[in-house]
Amino acid sequence: MKEYDFLIVGSGLYGAVFAREMTNLGKKCIVIDKRSHTGGNIYCENTEGINIHKYGPHIFHTNDKKIWDYVNSYVEFNNFIYSPLANYKESLYNLPFNMNTFYQLWNIKSPVEVAEKIKNQVEIAGCIKPSNLEEQAINMVGKDIYEILIKGYTEKQWGRKAIDLPTFIIKRLPVRLTFDNNYFTDKYQGIPIGGYNKLIEGLLAGIEVRTGVDFFKDRYELSKLANRIVYTGKLDEFYNYKFGYLEYRSLRFEHEYMNIPNYQGVSVINFTEKTIPYTRIIEHKHFEFGKQTGTVITKEYPQEWKPGLEAYYPINDVNNTNRFGQYNELAKSERHVIFGGRLAEYKYYDMHQVIAAALTKVKTIKDTF
Ligand code: FAD
C-alpha cells in the first residue's frame, strides 16, 4: 500500500483541478512542481501591488456556465472585457477587426460599404486555392487588413515569412460588421479579483504541495510514493526524447516598472510592424482596474524554442504531429500514469478547456474506483 493515491506532477490548472477533485472524493494527493511556485503558466508575480502575468497575459473566457461557476466558487471574477489595440506605424486600430477598425482604416461608416470593399479586395487578389498563410488571409479579409494588421505580427510570432507558413494557422479571421471591440464572443469573461494565484490557492487548499521538485531529478523515488501518477509535463521528456523533440515556439518577456500611473491606457497593444521586435506591450494593472501610483509594462518577444527555454506554443505541423503520435502510443500503454494538460497532450488549451479536460478525466477515472 503506497502513501498517496495520486502523485500529481505539475501544479498548473490541470494538476490543481485534478488534485482538488480527487481530494474531494477522499483520495490522498500530493502535488509537485519543478518551479518555485504553483499555478503553472497562470501564475502572477506581485510588484508594487500589481499582479504581473509572468508567463503572458491571461484572460478567462468561456461559454460554459458550469466552468464559470466552478472557477467563481474559488475566487470572484471581475468584469474585465478584453479589447486590445493594434499599433501600426504609430496609428492605433481597434481589435478584433470590427467597424471601429474599418472606420480607422478607410474612414467608412457603412457596414454594407465595408463588406463590399473587402469583397473587392478578395476578388482582386484572386487566390482561389490558398497554399500558404498569406494567400489564406488575403482570401478571407483582403489586402489592407492583411498588410497592416496581420502580416508583420504573424511573421514575428512564428519567426517565418507568411508565404512559408501553412494555411491552417489562420483557420478563422472573424470580420465583425458592428462597432464592437469585445475580443471574445463568449458569454462569461473576467479576471480573478486579486489575481490568478487566488484561484490556484483555492484549488490546492489543504493539499500537500512541494515546489522546486523536478520529477525527473528523482523519478524512481517519487514514483514509489503513489499508486498512480498524473503527469502534466512535456510528453517527450517523459520518454527521454527517444523519438526526438516535440517543437514549440517560445517567448521572452521584458518587464519594466514605471513611476507613472498609466502608460498606455489599455491592457494590451499589439505591434503589427515587422521592424518592431516585440509583438505586444502588456500593462498589467488594467486587468484589475488598478489604481496604484506606478505601473508595470511587459514587452513580449517571440523566439525560437530550444531545450532549456520555456515551451509555449506547440508547433502542430506534420513532423511534430507524427512524433507526438509515436509518443502518444507509448502513453496509451501506461497503466499507472495519466497524461493531461497542454504539455503532456502537446496541445494548445485555453484555461476553460484545460479545466474541462481535467474534470472529464476525473469523472472517467472515478467510475473505475
Ligand atoms: P501549465 O500551466 O504549463 O502547468 C504545467 C506545470 O507542470 C508547470 O507548472 C510546470 O512547471 C510543471 N512541470 C512540468 N514538468 C515538470 C517536472 N518534470 N516536474 C515537476 N513539475 C513539472 N488561456 C486562456 O484561457 N486565456 C488566455 O488569455 C490565455 N493566454 C495565454 C497566453 C500565453 C502566452 C500562453 C502560452 C497561454 C495562454 N493561455 C490562455 C493558455 C493557458 O496558459 C493554459 O490553458 C494553461 O496554463 C494550461 O495549464 P496546464 O496545467 O496544462 O499547464
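Here the structure is shown first, and the text comes after it.
Residues numbered from 1 in each chain as written. Predicted model: local features only at pLDDT ≥ 70, side-chain atom pairs only at ≥ 80, totals over all residues. Heavy atoms only, no water.

Enquirer: What should I look at first to understand the side chain of Gln136 in this one?
Expert: Among the secondary structure elements, Gln136 is positioned in helix α5 (residues 133-141). Residue class for Gln136 comes out buried when judged on its relative accessible area of 18%. Setting aside residues no more than four positions away along its own chain, Gln136 makes contact with Pro130, Thr167 and Ile170. (Helix = DSSP H or I, 4+ residues; strand = E, 2+ residues; numbered from the N terminus. Buried < 20%, exposed > 50% of the residue type's maximum accessible area, 1.4 Å probe, protein only. Contact = heavy atoms within 4.5 Å.)

Enquirer: Explain unusual backbone geometry to me, please; I cannot follow it from the model alone.
Expert: Of the consecutive residues Leu95 and Pro96, the connecting peptide bond is found in the cis state with omega at -10 degrees. Counting through the fold element by element, Pro96 comes out in the loop between β7 (91-94) and α3 (99-106). Positioned with a positive phi, Lys89 is a non-glycine residue whose angle comes to about 50 degrees. Relative to the helices and strands, Lys89 is located in the loop between β6 (85-88) and β7. Of the residues examined, Lys89 reaches a relative accessible area of 55% and is grouped as exposed.

Enquirer: Would you explain the sheet that holds strand β10 (residues 226-231) in this entry?
Expert: Strands in a sheet are paired, the pairing made by backbone hydrogen bonds, and the direction either parallel or antiparallel. Taken in spatial order, the five strands line up as β9-β2-β1-β10-β16 in an open sheet, and their pairing is parallel. Because the sheet does not close on itself, it has two edges, and the strands there are β9 (208-211) and β16 (337-339). Sheet twist, expressed as the mean angle between neighbouring strand axes with direction ignored, is 20 degrees. In the sheet, strand β2 (residues 29-33) pairs with β9 via four bridges, with the strands oriented parallel. (Pairing = 2+ DSSP bridges. Axes fitted to C-alpha atoms, helices over the stretch in contact; angles between N-to-C directions.)

Enquirer: Just to check I follow, could you spell out the site of the ligand for this structure?
Expert: Neighbouring residues of the ligand: 31 residues in total, closest Asp33, His58, Arg342, Tyr349 and Met351. One of the backbone nitrogen or oxygen atoms of Ile59 is found 2.8 Å away from an oxygen atom of the ligand. Residue Tyr348 places a side-chain N or O atom 3.1 Å away from a nitrogen atom belonging to the ligand. In the complex, 97% of the free accessible area of the ligand, which totals 1000 Å², lies under the protein chains. Of all the elements in the fold, those that place two or more residues in the shell around the ligand are α1 (13-24) and α11 (351-366). Looking at the shell around the ligand, its residues break down into 17 nonpolar, eight polar and six charged. (Near = heavy atom within 4 Å. Polar contact = N/O pair within 3.5 Å; in protein donor to acceptor, adjacent residues only side chain to side chain. Areas by Shrake-Rupley, 256 points an atom, 1.4 Å probe, with all protein chains shown as cover. Nonpolar A, V, L, I, M, F, W, Y, C, P; charged D, E, K, R; others polar.)

Enquirer: It is not clear to me how the packing of α1 against α11 should be interpreted in this structure. Could you clarify?
Expert: As a packed pair, α1 and α11 sit with axes 9 Å apart at the nearest point and diverge in direction by 35 degrees. For the element pair α1 and α11, the recorded crossing hand is right-handed. Contact residues: α1 offers Leu13, Tyr14, Val17, Phe18, Glu21 and Met22, while α11 offers Met351, Val354, Ile355, Ala357, Ala358, Leu359, Lys361, Val362 and Ile365. Class assignment for the residues of the contact of α1 with α11 results in 13 nonpolar, no polar and two charged. (Left-handed = near helix turned anticlockwise from the far one by under 90°.)

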